[in-house]
Amino acid sequence: MVSNKVKIGILCMSILSMSGLVITSAFSAIIAAFPGEPISKIQMIATIPSLGALITTLFIGVLATKIPKKILALLGIFAVGLGGLLPIVFHGSINALLVCSLIMGIGLGFIATINPMLLSIYFEGEERASLMGKGTAVTSLGAIILMMGGGFLGSQNWSNTYYIFLITILIFFLVMLFLPLDKIEKDFTAGHDGKKMNLMETMGNMNKYVFLISILAFIMSFIYTVYPTNLSIVVSGKGIGGTSTTGIINAVGTVGGFLAGMNLKYINRAVKDKILGIGFLFLASTFILVLLFDSVFIMLLGAILSGLAMVMIMSTIPYYVSVVVRPFELAIAMSIFTFMNSLGGIISPMVLSWLGISFGNQAFLFAGIASAVIGIVCLAAQIGKRVFANSYQANQTNEAVLAKVDADNFA
C-alpha cells in the first residue's frame, strides 16, 4: 500500500497548476497601468505560460526516462517560484512580465507532465482515477488560495499579487521530504518485446486514442482559456466590479471544482463514460450564464460550473491516456497530452483575434457555442465507451483470447 506521504508529495504539486492565471484578476489594473500596450499583449501574461509548458513537453518525456521524476518535479516547482517571484522586482514593462510568465510556464510544463506519470506509476484502476480527480480538486483549492490571496495582496498595488508565489517554497520542501526517489526502470525506446524503437516509431505504434484524447485536451484548453482571460473585461464592462470582484469570482468558482474533484469517484459511477460530454455542457453553461446576466451571484454560479467542468474533463483526459497506453509508452503519451493542452491555451487569444472575435462578450459567446457543440459530439460518439473498449487491458484480454483460439485450433 502506498503511504499517505507519497500521496501528499504528489498531490501538493497540483496547488501550483493554475499559477499562470493568478494575475488575470489584476488585468483591468494592468491595462490601466500600461495604456499604450495592446490588450491582447497584456492577456498574454496569462497565456504565455502555456508556451513555456509547450516548450517543456518537447523534451520532458525523454528526460523522464533518464532522470528520476522527483528531481524533475522539484525543478518544475523551482521554475514556477522563480517566474512568480521575479515580477515583484521586475514589473516596469509588459515584456519583463512576459519573460517571467514564460519561466513559470516551463515549470508548469514539468509539473503537468510529471504529476499524472507519478499517479500512473504508484496507483492503479479506480484509485488512480479517484486520485487524478483529487489532484484536480487540489488544483481548484490551489486556485482559491492563489487567486484569492493574490487578489487580496494586489488590491492596492497590482504588482503585489506576485507575493503569493512565496507558497512555492513550502511546496518545494513538501515534495522533497514526502516523495520518494523513483527508479528509472526502462527506456521508452524498449518495447514490450525488448526491441529498440526510436521516438517516432514509439509514437507511431501507440494506441490512436492517445491522439484523439489529446485533441480533446487541446480543444478544452483553447475554449477554457477564454474564461479567465476575458472575465475581468466582462465584469468591468458590466460595471459590477474590478480586480477584487474578479478575484473573488475566480476563487469562489473553484469551490465547484474542489467538490467535484473530491467526489469524482461518485460522479464517474453516476455518469459513467459520459463524463466528458457532460463536462463540456457544463462549460457551455458557464459562458452563457455570465454572458446573459449582470448579477455577481449568477457569475459566481457560472464560475462554479466552470470549476466542475474543468475537473470532470481535465482529470478524465489524462486518466484515459493512462489506460490506453502500454507502460513503456506512458512518459511519451503524457508529453503528447501536455503538449496539446499547452498549445490550446497559447494560441487561443491569437486565433480569436485572427477570426475577428473581439474580447469580452463576443469571446464568451463563441466559447459557449463551441463548448456545447463539443459536448454533444462527445455524447453522440460515445467517446468514453470507445476508450475503455480500446484500453491496454482490453487489448491484452483480446490478444489472450485470440491466442487461446489459435492454440485450440492448432491442437
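**Q** Give a detailed account of the overall build of the chain, specifying residues and quantitative values.
**A** What the chain contains, in helices and strands, is 18 helices and zero strands. Across the chain, contacts joining residues at least 24 apart in sequence account for 83% of those joining residues at least 6 apart. Carbon and sulfur atoms provide 68% of the accessible area of the chain, an area that totals close to 17200 Å².

**Q** Can you tell me about the environment of Leu174, naming the residues and giving the values?
**A** By the secondary structure assignment, Leu174 is in helix α7 (residues 167–178). Looking at Leu174, the relative accessible area reads 24%, which means it is partly exposed. In the structure, Leu174 is positioned 166 residues away from Ile8 in sequence and 8.0 Å away in space, judged by C-alpha atoms. Contact partners of Leu174, with chain neighbours within four places excluded, come to Cys12 and Leu179.

**Q** A description of the packing of helix α4 (residues 69–85) against helix α5 (residues 94–122) should follow, citing residues and the corresponding values.
**A** Packing of α4 against α5 leaves a shortest axis separation of 7 Å and a crossing angle of 150 degrees. It follows from the interaxial angle that α4 and α5 lie roughly antiparallel. Regarding α4 and α5, the two cross each other, and that crossing is left-handed. Contact residues: α4 offers Lys69, Leu72, Ala73, Gly76, Ile77, Ala79, Val80, Leu82, Gly83 and Gly84, while α5 offers Cys100, Ile103, Met104, Gly107, Leu108, Phe110, Ile111, Ile114, Met117, Leu118 and Ile121. Here the residues of the contact of α4 with α5 are counted per class, giving 16 nonpolar, four polar and one charged.

**Q** Could you give an account of the nonpolar core, naming the residues involved and the relevant values?
**A** By size, the foremost hydrophobic cluster in this structure holds 117 residues, and its most contacted members are Ile30, Ile45, Tyr227 and Ile317. If one sorts the elements of this core by residue count, helix α14 (residues 296–324) sits on top with 18 residues. Those residues in contact with Ile317 that sit more than four places away from it in its chain are Ile213, Leu216, Ala217, Leu276 and Phe337.

**Q** Go over the side chain of Asn115 with me, naming the residues and quoting the values.
**A** With respect to the helices, strands and loops of the structure, Asn115 is situated in helix α5. For Asn115, the residues in contact, after removing those within four places along its chain, are Ile10, Met13 and Ser14.

**Q** Describe the pattern of salt bridges, and please don't skip the residues or the numbers.
**A** With the rule as written, the count across this model stands at two salt bridges. For the salt bridge of Glu37 with Lys41, the shortest nitrogen-to-oxygen distance reads 3.5 Å. Judged by relative accessible area, Lys41 falls into the partly exposed class, the value being 22%.

**Q** So what's going on with unusual backbone geometry? Residues and values would help.
**A** Positive phi, close to 50 degrees, is recorded for Gln382, a residue that is not glycine. Along the chain, Gln382 turns up in the loop between α16 (361–381) and α17 (383–389). Note on Gln382: relative accessible area 41%, which makes it partly exposed.

**Q** Got a sec to walk through helix α3 (residues 39–63)? Specific residues and values, please.
**A** Over its 25 residues, α3 extends 37 Å from the first C-alpha to the last, a length consistent with the 36 Å expected when each residue adds 1.5 Å. Ile45 marks the point of greatest bend in α3, at about 55 degrees, and the proline Pro49 comes within the next four residues.

**Q** Kindly report on α14, identifying the contributing residues and their values.
**A** In a regular helix each residue adds 1.5 Å, so 29 residues correspond to 42 Å; α14 covers 42 Å between its end C-alpha atoms and thus fits that length. Among the 29 residues in α14, 25 count as buried, and that is most of the element. The opening residue of α14, the one whose side-chain oxygen lies 3.1 Å from the backbone nitrogen of Phe297, is Ser295.

**Q** Mind laying out the confidence of the model for the chain, listing which residues take part and the relevant values?
**A** Mean pLDDT over the chain stands at 81; residues scoring 70 or higher make up 89%. Low pLDDT, under 50, characterises residues 397–411; the stretch is placed with zero contacts to residues that sit more than four places away or in other chains.

**Q** Help me get a handle on the packing of aromatic side chains, residues and values and all.
**A** Where two aromatic rings form a pair, the distance of their centres and the angle of their planes describe that pair. All told, the structure shown has 11 aromatic pairs when counted by the stated rule. Relative to Tyr227, the ring of Tyr224 lies with its centre 6.2 Å away and its plane at 40 degrees, an arrangement referred to as tilted. Judged by its relative accessible area of 11%, Tyr224 is buried. According to the relative accessible area criterion, Tyr227 is buried, its value standing at 3%. Note on Tyr319 and Tyr320: the rings are 6.4 Å apart at their centroids and 45 degrees apart in plane angle, and the pair reads as tilted. Overall, the relative accessible area of 2% leaves Tyr320 in the buried class.

**Q** For the environment of Lys208, give the residues involved together with the corresponding values.
**A** Counting through the fold element by element, Lys208 comes out in the loop between α8 (199–204) and α9 (209–224). Placed 116 residues apart in sequence, Lys208 and Val324 show a C-alpha to C-alpha distance of 8.8 Å.

**Q** I'd like to hear about the side chain of Asn230, residue by residue, with values.
**A** With respect to the helices, strands and loops of the structure, Asn230 is situated in helix α10 (residues 226–237). Of the polar contacts made by the side chain of Asn230, one reaches the backbone oxygen of Val226; its length is 2.9 Å. Those residues in contact with Asn230 that lie beyond four places of it in its chain are Gln43, Phe359, Gly360, Ala363 and Phe364.

Criteria and thresholds
Residues numbered from 1 in each chain as written. Predicted model: local features only at pLDDT ≥ 70, side-chain atom pairs only at ≥ 80, totals over all residues. Heavy atoms only, no water. Helix = DSSP H or I, 4+ residues; strand = E, 2+ residues; numbered from the N terminus. Contact = heavy atoms within 4.5 Å. Areas by Shrake-Rupley, 256 points an atom, 1.4 Å probe, with all protein chains shown as cover. Buried < 20%, exposed > 50% of the residue type's maximum accessible area, 1.4 Å probe, protein only. Axes fitted to C-alpha atoms, helices over the stretch in contact; angles between N-to-C directions. Parallel < 35°, antiparallel > 145°, perpendicular 65-115°, else oblique. Left-handed = near helix turned anticlockwise from the far one by under 90°. Nonpolar A, V, L, I, M, F, W, Y, C, P; charged D, E, K, R; others polar. Core = buried A, V, L, I, M, F, W, Y, C linked by side-chain atoms within 4.5 Å. Salt bridge = Lys/Arg side-chain N within 4 Å of Asp/Glu carboxyl O. Expected span 1.5 Å × (residues − 1). Bend = angle between axes of the 7 residues up to and from the residue. Polar contact = N/O pair within 3.5 Å; in protein donor to acceptor, adjacent residues only side chain to side chain. pLDDT = per-residue confidence, 0-100. Phe/Tyr/Trp six-rings, centres within 6.5 Å; stacked < 30°, edge-to-face > 60°.

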